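Results of the structural survey
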Amino acid sequence: MESMYELLEVPEDRTVRKAVNLVGHLDATKENTDFYIVLNKAGYDVQEIHACNTIKDYDKLGEACLNVVLNKNMVSAAEVMKTKYGIPYVEFIECMNPEQIKKNYEAVEDALGVKLEYEEYYQEACRKVSEVYEKVKNKSFALGGEVDYNPVKFAYDWCQTGFPLKYFLVNRIKKEDLEYYKWIRDYAPDTYLYLATDTSMMKFIADPDPVEFVAGVQFSLVQQLGNVSSLELGEEPYDFKTLIEELDKIKASVESAEMNSAEKTANQDSENKIFARDWSTYREM
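**As for the sheet that holds strand 3 (residues 66–69)**
Note: strands within a sheet are paired through backbone hydrogen bonds, in either parallel or antiparallel orientation. In spatial order, the strands read 2-1-3-4; together these four strands make up an open sheet with parallel pairing. At either margin of the open sheet sits one strand with a lone partner, and together these are strand 2 (45–48) and strand 4 (89–91). Across this sheet, the average inter-strand angle for adjacent strands is 25°, counted without regard to direction. Summarising the sheet, strand 3 and strand 4 pair through three bridges and their orientation is parallel. Bridge pairing links Val69 to Glu91 in strand 4.

**Points about a nonpolar patch on the surface**
On the surface, Ile173, Leu178 and Leu193 cluster together to form a nonpolar patch covering roughly 220 Å² of accessible area. Tracing the backbone shows Ile173 in the loop between strand 6 (167–170) and helix 8 (178–187). A relative accessible area of 41% places Ile173 in the partly exposed class.

**Brief notes about the packing of helix 5 (residues 98–112) against helix 6 (residues 119–136)**
Remark: helix 5 packs on helix 6, axes separated minimally by 10 Å, with the N-to-C direction vectors making an angle of 165°. Relative to helix 6, the element helix 5 is oriented roughly antiparallel. Where helix 5 crosses over helix 6, the two elements pack in a sense that is right-handed. For the pair helix 5 and helix 6, contact is made by Pro98, Glu99 and Lys102 and by Tyr122, Ala125, Cys126 and Val129, respectively. Looking at side-chain class alone, the contact of helix 5 with helix 6 contains five nonpolar, no polar and two charged residues.

Cut-off values and rules
Residue positions within a chain follow its written sequence, with the count starting from 1. Thresholds applied to this predicted model are a pLDDT of at least 70 for local features of residues and 80 or more for the giving and counting of side-chain atom pairs; totals over whole chains, interfaces and linings are not thresholded and use all residues. Side-chain measures here rest on the full set of heavy atoms in the structure, leaving out hydrogens and waters. At least two DSSP bridges between two strands are required for those strands to pair. Working definition: helices are DSSP H or I runs of at least four residues, strands are E runs of at least two. Numbering for both runs from the N terminus. Note on method: axes are straight lines fitted to C-alpha atoms, helices fitted across the in-contact stretch only, with angles between N-to-C directions ranging 0 to 180 degrees. Note that patches include only residues with greater than 30% relative accessible area and no salt bridge, and the join distances are 9 Å for like charges and 5 Å for nonpolar side chains (Val, Leu, Ile, Met, Phe, Trp, Tyr). Computed with a 1.4 Å probe, the accessible areas rest on the Shrake-Rupley method; for each residue, only the protein chains presented here act as cover. Any carboxyl oxygen of Asp or Glu within 4 Å of a side-chain nitrogen of Lys or Arg constitutes a salt bridge here. Classification of residues uses two cut-offs on accessible area relative to the type maximum, computed with a 1.4 Å probe and protein chains only: under 20% is buried, over 50% is exposed, and between them is partly exposed. For classification purposes, angles smaller than 35 degrees are called roughly parallel, those larger than 145 roughly antiparallel, those between 65 and 115 roughly perpendicular, and all remaining angles oblique. Each crossing is labelled by how the near helix is turned from the far one, with a counterclockwise turn of less than a right angle marking it left-handed and a clockwise turn marking it right-handed. We call two residues in contact whenever any of their non-hydrogen atoms come within 4.5 Å of each other. Three classes are used: nonpolar for Ala, Val, Leu, Ile, Met, Phe, Trp, Tyr, Cys and Pro, charged for Asp, Glu, Lys and Arg, and polar for all others, with Gly counted as polar.

This is the structure we're talking about:
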């Protein structure tokens, strides 16, 4: 992906437009996100490589006044564009935390020297976090490595948001993830880590710790956990509106599981009432 940005045809006296490049999203970003809305309202075009239909569109990436990097793996690409084309960049790393998204916006404000109007989206996201917290606070969750983004960072974001996390499972520990492990250790001490290459995972497989909900956990382990429900997860959000959409999916998953449990209990109660009847009062016809 990095090499794609090295091929831009950018003259030394390049034209600098009021345009911002989104760098590092795996798929094309949705244009109805608050990022597009807020930047467009401030007079800036938002562009990304996935939306380039022609060579001319592609070369316009070199006219941007700022690169906004959504994924740490793409910082190197932003460094190339900074060195080669003189385009500065800020990190706007995808996350599940409205406070961090707000800080990301503040970094863009500082880089552009403008005030962006995102407060209403921030407040809405905070309300949604509180709403979903009330739904999940007494539930138990486990997260695994079979998600589309960094599972350790996801566990970190989940705990930072205040949601309960009983444990998370990872295949290996990466150096770049140590900051997330340290935060979880210090601020979420009730959360346990099971590492695939450690004896702790062998003990876990032999006698798994039950939870109510899982996300990104291998199917074979889910079967061992018994009666668990899976969370529906989509893309890792970088903006408030996508965060709200993802939180709604989590809430819907929990509510669906509660409904299924209530129906199961009601059916069982109905069966019990049938067998509890005094059948001596019934006569054959």
